[in-house]
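Geometric and topological summary
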Amino acid sequence: MTDAAPPVRARGLVKRYKEVLAVDHVDLNVRVGDVYGFLGPNGAGKTTTLRMALGLITPTAGTVELFGRDPMRAGARALEGVAGFVEAPRFYPYLTGRKNLQLLAALDANGASERIDEVLEIVELTPRAGHRVGGYSHGMRQRLGIAAALLRRPRLLILDEPATGLDPAGMRDMRSLIRRLATEGITVLLSSHQLPEVQELCDRVAIVDKGRVVYEGALADLRRQGGAGYRLRSTDDSRALAIARAQPGIESPVLGEHGLAFQAEESRVGALSLALGRAGVGILSLTPELATLEDLFFRLTEDGHGENGEVQHAALAGAQHLVERA
Amino acid sequence: MSAAGAAPAAPLLAGPFKRAATATAYRWELRKLVSQKRTYLGFGLAVALPLIFVIVQSLRHSHDHGENIFASQITHSGLATPVLMLLFLSVFMLPLIASLVAGDIVAAEDGNGTLKTILTRSVDRGQVFASKALAAATYATVAVFLSATVATVAGVAAWGFNSVTTYSGTVVSPSEGLLLIFAANACYLIPLFAVASIGVLLSTVTRNSAAAVVGAVGVTILLFIVAQIPGLEGIRPYLLTEQYEAWHGLLRTPTDWAPIWHSLWVCALYAGPALLTGYLVFLRRDVAGG
């Protein structure tokens, strides 16, 4: 392991189950300090990829290294400084929360048992630590999963849907915790379906679909590439729509509840505002709107067989363009 | 989990890597066994059967002594009881008790998803497998000696701590008899460890507790059937089930070590490949459940 080795580096990762290609030549680059979002629809291959990263399943082809070490070759040593869980964290239901942590701390060695009280405090499970895990709610088990991960003093935290099953307050607290861990220098690889959560927390993302990475890079770049949108409120939205339609470079103008939405390059927006002024239409507000992660996610991952086939085909073509540019 | 408001924790930075000891993993395997109700099912059988035997025999007025020398001494010495119990339980019940845990020890973790939990800590797969195999062997050992202890205490309480006549017709003192009885139980552990090894193998390969338990017991039954097939007398000495009686050699004067040494290497031929195969499967398997 060298200091320069990235927390996660996957190259050409493939996992095939007989005829099913679960993971198809996935490359990942998680850098030190990243809060890295790993997104994809159900069955896209996210969890299989994370299992390979943690050495739980053997890749059919390709390699994955954690801080420069391949879990398939280095075994437990490759997980040095790495913690987390895939799918739901699992514990021994007949043991108490504290006993579970004691067991895991014993398997970690390295003085992990001295941190049990501290991590229980962090996830606010101290009052229930003496109760059997079999009686824990889903949210409490998620929190115990985080506590078990923190026992290892990780430099890389791999979390698979950590907010699943949590109530809104629990989700907010989970986000706060992840933010705090990131500020303490822990690199976080976060697999999530909660797109607003990823948008809020992550600086870099990989989006997988049907086992392949369809985008990997900075979230900000993705949103910029998604096209700059604008929203216009005017004294006469109907006339503004007609003017926008006639104006070169103004794409997809649509009149909605909150005014006129369209896409355009910045120079074209200036021309539109002048045209509106000449026509006597007053501009109440003109605000740029970046594409949301949700918009981009669906553009990148939905195929063209839905109800709005044509729109989705167009979206897919646009997404393909984004990937090529990325 | 209000992390934002929580007191600042110590810096969460990794220290130098230190692998957990296999002894630690083994100790925790035992603690897990102790914490599970199903563990006590086997122990319950190991305790209940000798008690039932002694109670029933105490209530009977006449005893059919049969051909066994220890059966003929049942009311003369309490030390005959643990020998008879070993004779009865060694055929089916103790292999079943050993299989209950051996067949469950890997498969249950696979089914519960806890295998992935422990395999993402600082412990290698080989260590986890070794600790589980050792825990299964420990459970079998405890069950055998628990049964022997209960049978001895109950037998002595019912019929006294008297001298006993061994298979060779030699009368041995109560203290020597007691020593021989526990040595005989220790000797019986040789084939029982082989049964447990097969249980661990099946538990690893099938990932199904019930299938592994039934499979391990099924192997024993199958070998008993094979032993009865005319024309297969030549392989009989090499069948695992034939080794269940090797301990008889200890209850002779002088001690007949031949069946015990034979049992040792024959059982090694069953246990060795079973454990090696289980180990290799465990090292390479995908942990995809849970």
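Treat the numbers as computed from the prediction; the structure is a model and nothing was measured. (Residues numbered from 1 in each chain as written. Chains lettered and ligands numbered in written order. Predicted model: local features only at pLDDT ≥ 70, side-chain atom pairs only at ≥ 80, totals over all residues.)

1. Focus on the overall build of chain B
Across its full length, chain B holds ten helices and two strands. Counting from the amino terminus, helix and strand elements in chain B follow one another as α-α-α-α-α-α-α-β-β-α-α-α. Overall, the C-alpha framework of chain B stretches about 80 × 50 × 30 Å when taken along its three principal axes. Put simply, 79% of the contacts in chain B that link residues at least 6 apart link residues at least 24 apart. (Helix = DSSP H or I, 4+ residues; strand = E, 2+ residues; numbered from the N terminus. Contact = placed C-beta atoms within 7 Å.)

2. As for the overall build of chain A
Across its full length, chain A carries twelve helices and 13 strands. For chain A, the spread of C-alpha atoms along the three principal axes comes to 75 × 45 × 40 Å. The burial tally for chain A puts 47% of its 326 residues in the buried class. Long-range pairs, those at least 24 residues apart, make up 66% of the contacts in chain A between residues at least 6 apart in sequence. (Buried ≥ 20, exposed ≤ 12 C-beta atoms within 10 Å, placed from the backbone.)

3. Some remarks on the domain arrangement of chain A
Think of interface size as the accessible area that goes away when the parts come together; that is how it is often given. Domain annotation for chain A reports domain 1 (8–219) and domain 2 (228–290). Each of domain 1 of chain A and domain 2 of chain A has a C-alpha centre, and the two are 45 Å apart. (Domains from an automatic or database assignment.)

4. Section: helix 8 (residues 174–206) of chain B
Since there are 3.6 residues in each turn of an α-helix, residues three or four apart along the chain are aligned in direction. Residues and elements named next belong to chain B. For helix 8, built from 33 residues, the straight-helix expectation of 48 Å at 1.5 Å per residue is met to within 8% by its first-to-last C-alpha distance of 47 Å. Considering bend angle alone, the principal kink of helix 8 is centred on Ile 190 and spans about 35°; proline Pro 191 follows within four residues of it. Positive backbone phi, at 60°, marks Arg 207, one or two positions downstream of helix 8. (Expected span 1.5 Å × (residues − 1). Bend = angle between axes of the 7 residues up to and from the residue.)

5. Some details on the interface of chain A and chain B
Taken residue by residue, the interface counts 43 residues in chain A and 40 residues in chain B. For the side of chain A that touches chain B, the secondary-structure elements that each account for two or more residues are helix 3 (97–108), helix 4 (116–122), helix 5 (138–150) and helix 6 (168–183) of chain A. If one sorts the elements of the side of chain A that touches chain B by residue count, helix 6 of chain A sits on top with six residues.

6. Examining the sheet that holds strand 7 (residues 187–191) of chain A
All names here are of chain A. A sheet is described by the order of its strands in space; here six strands give the open sequence 5-6-7-3-8-9, paired in mixed fashion. Each edge of the open sheet carries a strand with a single partner, namely strand 5 (82–85) and strand 9 (212–218). Taking the axes of each pair of neighbouring strands and ignoring which way they run, one obtains an average angle of 15° across the sheet. Bridge count between strand 8 (residues 204–209) and strand 9: six bridges; the pairing is antiparallel. (Pairing = 2+ DSSP bridges. Axes fitted to C-alpha atoms, helices over the stretch in contact; angles between N-to-C directions.)

7. Examining the confidence of the model for chain B
Detail in the predicted coordinates should be disregarded across regions flagged by low pLDDT. Residues and elements named next belong to chain B. Of the residues in chain B, 91% reach a pLDDT of 70 or more, and the chain-wide mean stands at 91. Every residue in residues 2–14 scores below 50 in pLDDT, and together they form 28 contacts with partners more than four places removed in sequence or on other chains. Confidence metrics for the complex model read pTM 0.84 and ipTM 0.86. (pLDDT = per-residue confidence, 0-100.)

8. Describing the packing of helix 3 (residues 80–89) of chain B against helix 7 (residues 125–159) of chain B
Think of two packed helices as two axes; the pair is described by the angle between the axes and how far apart they sit. All names here are of chain B. Orientation of helix 3 relative to helix 7, taken along the N-to-C sense of each, is 140°, at an axis distance of 7 Å. Classified by the angle between their axes, helix 3 and helix 7 sit oblique to one another. In the packing of helix 3 onto helix 7, the handedness of the crossing is right-handed. Between helix 3 and helix 7, the contacting residues are Ala 80, Thr 81, Pro 82, Met 85, Leu 86 and Leu 89 on the first element and Ser 147, Ala 148, Ala 151, Thr 152, Ala 154 and Gly 155 on the second. For the contact of helix 3 with helix 7, the per-class residue count stands at eight nonpolar, four polar and no charged. (Parallel < 35°, antiparallel > 145°, perpendicular 65-115°, else oblique. Left-handed = near helix turned anticlockwise from the far one by under 90°. Nonpolar A, V, L, I, M, F, W, Y, C, P; charged D, E, K, R; others polar.)

9. Quick word on the environment of Ile 207 of chain A
Residues and elements named next belong to chain A. Its place among the elements puts Ile 207 in strand 8. With 163 residues separating them in the primary sequence, Ile 207 and Ala 44 have C-alpha atoms 9.2 Å apart. Those residues within four positions of Ile 207 in sequence are excluded, and the remaining contacts are Leu 39, Gly 40, Val 214, Tyr 215, Phe 297, Leu 300 and Thr 301.

10. Some words on the environment of Val 287 of chain B
Within the secondary structure, Val 287 of chain B sits in the segment after helix 10 (258–284). In the structure, Val 287 of chain B is positioned 243 residues away from Gly 44 of chain B in sequence and 33 Å away in space, judged by C-alpha atoms. When sequence neighbours within four positions are dropped, the list of residues in contact with Val 287 of chain B reads Leu 56 and Ile 57 of chain A together with Leu 115, Lys 116 and Leu 119 of chain B.

11. Considerations on the confidence of the model for chain A
The share of residues in chain A with pLDDT of 70 or more is 90%, and the mean pLDDT across the chain is 86. Residue range residues 304–326 of chain A is modelled with pLDDT below 50. Its contacts to residues more than four positions away, or to other chains, number 23 contacts.

12. Regarding the nonpolar core
Counting 162 residues, the largest nonpolar core has Ala 147, Val 188 and Leu 190 of chain A together with Ala 98, Ala 136, Ala 140 and Ala 196 of chain B as its most contacted members. For this core, the leading source of residues is helix 8 of chain B, giving 15 residues. Beyond its immediate stretch of four places on either side in the chain, Val 188 of chain A contacts Val 35, Tyr 36, Leu 157, Leu 159, Ile 178, Leu 181 and Ala 182 of chain A. If you look at the next biggest cluster of nonpolar residues, it comprises twelve residues, including Tyr 230, Ile 243, Leu 276 and Val 281 of chain A. (Core = buried A, V, L, I, M, F, W, Y, C linked by C-beta atoms within 7 Å.)

13. So, the sheet that holds strand 4 (residues 61–66) of chain A
Residues and elements named next belong to chain A. Sheet architecture is open: three strands sit in the order 2-1-4, paired in antiparallel fashion. With one partner strand each, in any of the chains shown, strand 2 (20–30) and strand 4 form the two edges of the open sheet. Direction aside, neighbouring strands of the sheet carry axes that sit 20° apart on average. Strand direction decides the pairing type here: strand 1 (residues 8–17) and strand 2, joined by seven bridges, are antiparallel. Residue pairing in the sheet places Arg 9 in a bridge with Asn 29 of strand 2.

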